[in-house]
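# Close look at the chain arrangement
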Amino acid sequence: MTGSDARVRLIIRGAVQGVGFRPFIYRLATELGLKGWVLNSAQGVFIEVEGNPETLQQFVRRVQTDKPPRAFIQSLEQSVLDPVGYTTFEIRHSDESGEKSALILPDIATCPDCLRELFDPADRRYLYPFTNCTNCGPRYSIIEALPYDRPNTTMKTFAMCPRCREEYENPLDRRFHAQPNACPECGPHLELWDEKGVCLAKQHEALLRAAEAIREGRIVAVKGLGGFHLVVDARNDAAVRRLRVRKRREEKPFALMYPTLEMVTAHCGVNEEEERVLRSPESPIVLLRRKEEEAVAPSVAPNNPYLGVMLPYTPLHHLLMRELGFPIVATSGNLSDEPICTDEHEALHRLAGIADLFLVHNRPIARHVDDSVVRVLMGRELVLRRARGYAPLPVLVKEPLPRLLAVGAHLKNTVALSVGRQVFISQHIGDLETPQALDAFRRVIADVKGLWEHQPQAVACDMHPDYLSTQAAHGMGLPVVEVQHHVAHILSCMAENELEPPVLGVSWDGTGYGTDGTIWGGEFLILREQGWERFAHLRPFRLPGGDRAIKEPRRAALGVLYELFGGGAFDLLQQAFTESERRLLRRMLQQGVNTPVTSSAGRLFDAVASLAGVRQVVNFEGQAAMELEFLTHGVRTDEAYPFSLSEGASPQVLDWSPMMQAVLQDIQEGVSPSLIAARFHNTLVEMTVAVARAAGLERVALSGGCFQNAYLTERAVRRLTEEGFRPYWHQRVPPNDGGIALGQIMGGNTASCPHTLTHRQITS
Ligand SMILES: [Zn+2]
Ligand SMILES: [Zn+2]
Ligand SMILES: [Zn+2]
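So, here is what we can say about the structure in this document. (Residues numbered from 1 in each chain as written. Chains lettered and ligands numbered in written order. Predicted model: local features only at pLDDT ≥ 70, side-chain atom pairs only at ≥ 80, totals over all residues. Heavy atoms only, no water.)

Further remarks concern the coordination of the zinc ion (ligand 1). Within the protein, the atoms that donate to the zinc ion (ligand 1) are Cys 111 (SG), Cys 114 (SG), Cys 133 (SG) and Cys 136 (SG), at distances of 2.3 Å. Viewed at the metal, the 4 donor atoms of the zinc ion (ligand 1) are separated by angles of 103 to 121°, and the geometry they form is tetrahedral. Between the donor residues of the zinc ion (ligand 1), the gaps in sequence give the motif C-x2-C-x18-C-x2-C. One end of the pair, Cys 111, is in the loop between strand E5 (89-91) and helix H3 (112-118); the other, Cys 136, is in the loop between H3 and helix H4 (162-169), with 25 residues separating them in the sequence. In terms of burial, Cys 111 and Cys 136 fall into one category: buried. (Donors = N, O, S within 2.8 Å, 3.2 Å for Na, K, Ca; no water. Tetrahedral: all angles 85-135°; square planar, octahedral: opposite > 155°, others 65-115°. Helix = DSSP H or I, 4+ residues; strand = E, 2+ residues; numbered from the N terminus. Buried < 20%, exposed > 50% of the residue type's maximum accessible area, 1.4 Å probe, protein only.)

Quick look at the structure:
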């Protein structure tokens, strides 16, 4: 074992038992010289292998490409962990003792066998959009109750025809006990509706006419697996613009569905891991670097070097994409940030004025499940939105937990439940800003509690008194544990990396409620067994206008400069504000009215983006920071700006004022925004290195929305490693607020356990 060795844990579910899978794993691991073990359990096949990272990646790829012919993988979960020093590879005895909690599988992308039948004119399911089998098809999106049996799914109203019934009852058939089994005779079917709900065409004719409408540039709402997509020709700029206007979504990138992997690779850079994820049973949206600028209409993802791309994952999508042969925008069927629409009658109402036509079907969707979003970082999957294909698979934690419910934060909300060593994280719910989102939040809580028959002993939530999730938690009649937002981020990262305290957590995001009543977001927290401590933070500054400053980076810039120069800040920001705005802002700052104090790293990104002339007002959360990251592409520099750390004080303060002075100097000298962006990112990384040195702890966990930033995360990992630290980042749980619920569960657990009090703050 060398210092750079790692351990990979795989949990594989599907037709992998009794098909020679364990001997295959044994041979493969032995051939590659990897150590570890393989084990069958009620939860799936567990594998742990140790070795160097390249060989481990090769192992994971070959598990999928070289597997025995009869093995079929429905889900493959991968976590990279610290090595424990295995010396052999062994087949371990089956584990019968595991927690017997019911496992609900996520929805699984169409398998190769079903795909073949779909396009075989001789097959009785030729062109049938609801084809599925034991290895693929809907699961989480159709289950109404457990056990997973047809009468407990939304397929209960479809009586199987004799031929389907025969397949369903034959143990040798691929459709043996395939609960959603169906055929054109007995199963769900398609209809095309106009905006009044009048049926224009049925079955395959409906699909052909929908395709025709898309070709003509119209907007079609398509009912898929876990909800509606709004679909439009991605090459047609006028059509995409029309969708933006109608959906009230100005610049936030749209996701794309491509007909084939070949076309994806023609338009985007795709490495081996990205290809694996694109084609996986999870089939998420993968963020890919575009290489062909003209491949899709400019309005699909304005000023964005990435495209969010997925491949067809249901027979309906395969049929539609084969008919079209070009990429489509396939964005959530909703208005702005509301939850995705799942019912065709509701869609007529909620998507009125957005969609021209509705391609619908009569298989009800039990619960909304959005498309997941993944980015590949340092050869690993980083889940940014956890939904279809991933939810509701549990995250396995080290120690058994009491039965807790966590209600998440405010943005990108998810909720979580703990059962034994498993934490079930709900599908992405969204920002709890609209009545629809709040309804969805309540529905998902009732739903997950019902499915797992879960009676929580306590509920964990954020400390922010104004979060609707916090208020909901206090209204449940259960003991409440409030877990500080940035502590929850770090606990979440620790849980999925199986880290023991003490850990230095770098918790950077836009906004979170601090224990001193100010807005935190540039935090360095030390988590010990006895509790946590705010070891250091970014120097605070005022945000003129509070929440409005989140939408207007120029206000963050003003706050930063006001901290440095007082009223002189206005002279430096002549261009950014009108005369009357300046008057108003000056009064606010002088009198301290509606100017909350923040240590947020996200707002520091905004301030630099504004000063560098990148963006003064954003159209969606995190836009300015994203654009600052994009500017670093292709810039090769290790230069960083100066900063200082006030050692001795508690907590220590990272002073960015020398950096800001240097940024202003650069701007004056006409240094390019790209170089300023790179130097700024590098400075933030050096700040983490400086604090890590001061803290003197080996393990450093990186979490919070800022660590969705690839440049920041990769560089922080590299520099911390060079300096002798062990950095950890997220993998299967989002670094953004979608991962907060897991951290709240961990914090809630330590609260109810007498010897670990990680959630409790120690102040000196
Ligand atoms: Zn299948
Ligand atoms: Zn049938
Ligand atoms: Zn956060």
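With that settled, consider unusual backbone geometry. For the peptide bond that leads from Pro 501 to Pro 502, omega is 5°, which places it in the cis range. Locating Pro 502 in the fold gives a position in the loop between helix H13 (485-497) and strand E23 (503-513). Residue Pro 651 follows Ser 650 across a cis peptide bond; omega there is -5°. With respect to the secondary-structure elements, Pro 651 resides in the loop between strand E28 (644-645) and strand E29 (652-655). Positive phi, close to 55°, is recorded for Arg 248, a residue that is not glycine. Classification of Arg 248 by relative accessible area gives exposed; the value is 61%. One non-glycine residue with positive phi stands out, namely Asn 303, at about 55°. Tracing the backbone shows Asn 303 in the loop between strand E12 (285-290) and strand E13 (306-310).

Right, let's get into the pattern of salt bridges. The tally for this structure, following the rule as stated, stands at 58 salt bridges. The partner of Glu 117 in a salt bridge is Arg 174, and the shortest N-O contact between them spans 3.0 Å. Of this pair, Glu 117 sits in helix H3 while Arg 174 sits in the loop between H4 and strand E6 (190-194), and the two are 57 residues apart along the sequence. Using a relative accessible area of 14% as the deciding quantity, one classes Glu 117 as buried. Residue Arg 174 is classed as partly exposed on the basis of its relative accessible area, which comes to 22%. Put simply, Arg 367 and Asp 447 hold a salt bridge, and the shortest N to O gap is 2.5 Å. In this pair, Arg 367 is assigned in the loop between strand E15 (357-361) and strand E16 (373-377) and Asp 447 in helix H11 (residues 435-451), connecting sequence segments 80 residues apart. Sharing partners across several salt bridges, the network here consists of Arg 13, Glu 77, Glu 273, Arg 276, Glu 381 and Arg 732. (Salt bridge = Lys/Arg side-chain N within 4 Å of Asp/Glu carboxyl O.)

This part takes up the coordination of the zinc ion (ligand 2). Here the zinc ion (ligand 2) is held by Cys 161 (SG), Cys 164 (SG), Cys 183 (SG) and Cys 186 (SG), and the distances to it run 2.2 to 2.3 Å. Of note is the zinc ion (ligand 2), whose 4 donor atoms meet at the metal with angles of 105 to 116° in an arrangement that counts as tetrahedral. In primary sequence terms, the donor set of the zinc ion (ligand 2) follows C-x2-C-x18-C-x2-C. Taken together, the residues span a long stretch of sequence, with Cys 164 in helix H4 and Cys 183 in the loop between H4 and E6 at a distance of 19 residues. Across the pair, exposure class does not vary: Cys 164 and Cys 183 are buried alike.

Membership of the largest hydrophobic core comes to 67 residues, with the highest contact counts inside it found for Leu 504, Trp 508, Leu 604, Trp 656, Met 660 and Phe 680. Top element by residues in this core is helix H21 (residues 673-695). It accounts for 10 residues. Other than its neighbours up to four places away in sequence, Leu 604 contacts Leu 538, Phe 541, Val 560, Trp 656, Met 659, Met 660 and Phe 680. Ala 234, Phe 358, Val 360 and Val 374 belong to the second-largest nonpolar core, a separate cluster that totals 42 residues. (Core = buried A, V, L, I, M, F, W, Y, C linked by side-chain atoms within 4.5 Å. Contact = heavy atoms within 4.5 Å.)

Moving on, we come to the sheet that holds strand E19 (residues 404-406). Read from one edge of the open sheet, 5 strands run E18-E20-E19-E21-E22, paired in mixed fashion. Each of the sheet's edge strands pairs with one partner strand only, and the pair in question is strand E18 (394-401) and strand E22 (480-482). Each neighbouring strand pair of the sheet contributes to a mean axis angle of 30°, computed without reference to strand direction. Pairing of E19 with strand E21 (residues 458-461), which is carried by 3 bridges, proceeds in the parallel orientation. (Pairing = 2+ DSSP bridges. Axes fitted to C-alpha atoms, helices over the stretch in contact; angles between N-to-C directions.)

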